[in-house]
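Spelled out, the chains give:
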Amino acid sequence: MSVLLEAGKQSNKTTFQGHSLQDMVSAHYDNRTLMNLEGEIHFDRYLSIDEVKVVLSSYQKFTDHEMPEVVYAPCAGTLRHVSPLLERGVRRVIAVDLSHESLAVGRERFCQGDTGQVQTYNTDIRDTDRFAQNHDIPLAFLMGNSLGDVTDSDGHLEFIEALGKPLKRGGVLVFDYMGERYNPPVGEVYDTTWPDRVIDGDIEFDVFDRRQRWSVPNADGTSTLHLTCEVTSIGGELIVPKHSYDKLVVPDPILIEQFARFGMKLHCLGPLRNYSSYHDRRIREKDDLGMMGTPDHLYVAVKE
Ligand SMILES: C[S@@+](CC[C@H](N)C(=O)[O-])C[C@H]1O[C@@H](n2cnc3c(N)ncnc32)[C@H](O)[C@@H]1O
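Residues numbered from 1 in each chain as written. Predicted model: local features only at pLDDT ≥ 70, side-chain atom pairs only at ≥ 80, totals over all residues.

Participant: Can you tell me about the overall build of the protein chain, naming the residues and giving the values?
Facilitator: Helix and strand counts for the protein chain stand at eight helices and 12 strands. A compact globule built from 304 residues would reach a C-alpha radius of gyration of about 19 Å, and the protein chain, at 18 Å, matches this within 12%. Relative to its full complement of 304 residues, the protein chain shows a buried share of 42%. Long-range pairs, those at least 24 residues apart, make up 71% of the contacts in the protein chain between residues at least 6 apart in sequence. (Helix = DSSP H or I, 4+ residues; strand = E, 2+ residues; numbered from the N terminus. Rg over C-alpha atoms; globule rule 2.2 N^0.38 Å. Buried ≥ 20, exposed ≤ 12 C-beta atoms within 10 Å, placed from the backbone. Contact = placed C-beta atoms within 7 Å.)

Participant: Describe the site of the ligand, naming the residues involved and giving the relevant values.
Facilitator: Taken together, the neighbourhood of the ligand is formed by 23 residues, with Cys75, Gly77, Ser99, Gly144 and Asp149 sitting nearest. Class assignment of the residues belonging to the shell around the ligand gives a composition of 11 nonpolar, seven polar and five charged. (Near = placed C-beta within 6 Å. Nonpolar A, V, L, I, M, F, W, Y, C, P; charged D, E, K, R; others polar.)

Participant: Residues and numbers for the sheet that holds strand β7 (residues 190–200), please.
Facilitator: Spatially, four strands are ordered β7-β8-β9-β10 in an open sheet, and the strand pairing comes out antiparallel. On the outer flanks of this sheet lie β7 and β10 (238–249), each paired with one strand and no other. Direction aside, neighbouring strands of the sheet carry axes that sit 20° apart on average. (Pairing = 2+ DSSP bridges. Axes fitted to C-alpha atoms, helices over the stretch in contact; angles between N-to-C directions.)

Participant: Residues and numbers for the environment of Arg45, please.
Facilitator: Secondary-structure assignment places Arg45 in helix α3 (residues 45–63). Classification of Arg45 by C-beta neighbours within 10 Å gives exposed; the count is 12.

Participant: Please give an account of the domain arrangement of the protein chain that cites residues and values.
Facilitator: Domain annotation for the protein chain reports domain 1 (4–179 + 249–303) and domain 2 (190–245). Between domain 1 and domain 2, the residue contacts involve 18 residues of the former and 20 residues of the latter. Contributions of two or more residues to the side of domain 1 that touches domain 2 are made by α1 (21–29) and α2 (32–35). The leading source of residues in the side of domain 1 that touches domain 2 is α1, at three residues. Here the residues of the side of domain 1 that touches domain 2 sort into nine nonpolar, seven polar and two charged. (Domains from an automatic or database assignment.)

Participant: Can you break down the confidence of the model for the protein chain residue by residue, with the values?
Facilitator: Summing up the model confidence of the protein chain, the mean pLDDT is 91 and the portion of residues at 70 or higher is 93%. When the criterion is pLDDT under 50, residues 1–18 qualifies, and its contacts beyond four places in sequence or with other chains add up to 46 contacts. (pLDDT = per-residue confidence, 0-100.)

Participant: Report on the pairing of strand β9 (residues 223–233), specifying residues and quantitative values.
Facilitator: Taken together, the 11 bridges between strand β8 (residues 203–217) and β9 define a ladder with antiparallel strand orientation. Bridging from a neighbouring strand, Trp214 pairs with His226 of β9.

Participant: I'd like a description of the environment of Asp50, backed by residues and values.
Facilitator: Following the sequence through the fold, Asp50 ends up in helix α3. Residue classification places Asp50 among the buried residues on the basis of 21 C-beta atoms within 10 Å. Distance in space between the C-alpha atoms of Asp50 and Arg261 is 31 Å, their sequence separation being 211 residues. Beyond its immediate chain neighbours, meaning those up to four positions away, Asp50 contacts Ser276, Tyr278 and His279.

Participant: Describe unusual backbone geometry, listing the residues and the values that go with them.
Facilitator: Residue Asp64 is not a glycine yet carries a positive backbone phi of 65°. Residue position: Asp64 is located in the loop between α3 and β2 (70–74). Accessibility expressed as a C-beta count within 10 Å gives 8 for Asp64, which makes it exposed. Of note in the backbone geometry, Leu79 takes a positive phi value of approximately 65° without being a glycine. Note on placement: Leu79 falls in the loop between β2 and α4 (82–87).

Participant: Describe in detail the environment of Glu38, supporting the description with residues and values.
Facilitator: Here Glu38 is to be found in the loop between α2 and α3. Residues Glu38 and Ile199 lie 161 residues apart in sequence; the distance between their C-alpha atoms is 6.4 Å. Each residue touching Glu38, except ones within four places of it in the same chain, is listed here: Phe43, Asp196, Arg197 and Ile199.

In structure tokens, the structure reads:
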């Protein structure tokens, strides 16, 4: 097995209120305990398989091609979609993420046995020239509600531009996004605590995962969703200290205009559960996927 890893690079690009994006990634996405929560998306292989099915069938619908040779995976996180993509016949995946730990866990967990088909880059997707110089990729795959981590408006526009840059003409980006549908009413804080289980090799223990969220409108019609996260043991011992992370929330009409600005036609396809029987069943049975639940919608952007 050989997986290419480019050396990590610090990103100084900032998000809302001057927080560095890298600080947010270090506090939240680099945290191995959070990745090892049983209820999180990383453990759910059938979720990833089903999402790959949805993305590939959207690709077929919008391009009339069967299977892309190469898939670009911006914000690939723990690489949970890589094995299902290779199993479906994709030959090469270019995976990019700012979180060094997510990529490291992903390579340990999901890339055993691959034969050099996965290239991972620990960098900001806006540094496109480091991993995709030819702009010839047919499919970009961005699932898991990964849009919106760059919360300042200029940075967000750079992010949208960077999503389309590696694509060839007629190539597509398929993604999911909760949009405004996960926002609490302005002025209200939603506070949710749910039981979960940390599974880390032979070590397993029950925990409480507490998340708070509130929405602050921006002057340009977008809003910023602020979230906090804290994990404690059942006895109250702190396992993951309280930290915050933000998401930029862009209503569909503005998102359509932003993609158009960078030569992409955005199609908003409605609730993801209408395309994924697995999402639908999880929502009906548990309703426990947070922004991955009912608010999650499917989008396809076609590069013109
Ligand atoms: C919600 S997680 C989802 C991960 C993955 N797509 C999945 O479905 O499991 C979002 C990921 O985006 C990454 N990320 C956010 N902004 C980024 C940027 N500008 N460049 C590269 N990675 C970024 C974070 O580090 C994090 O791993």
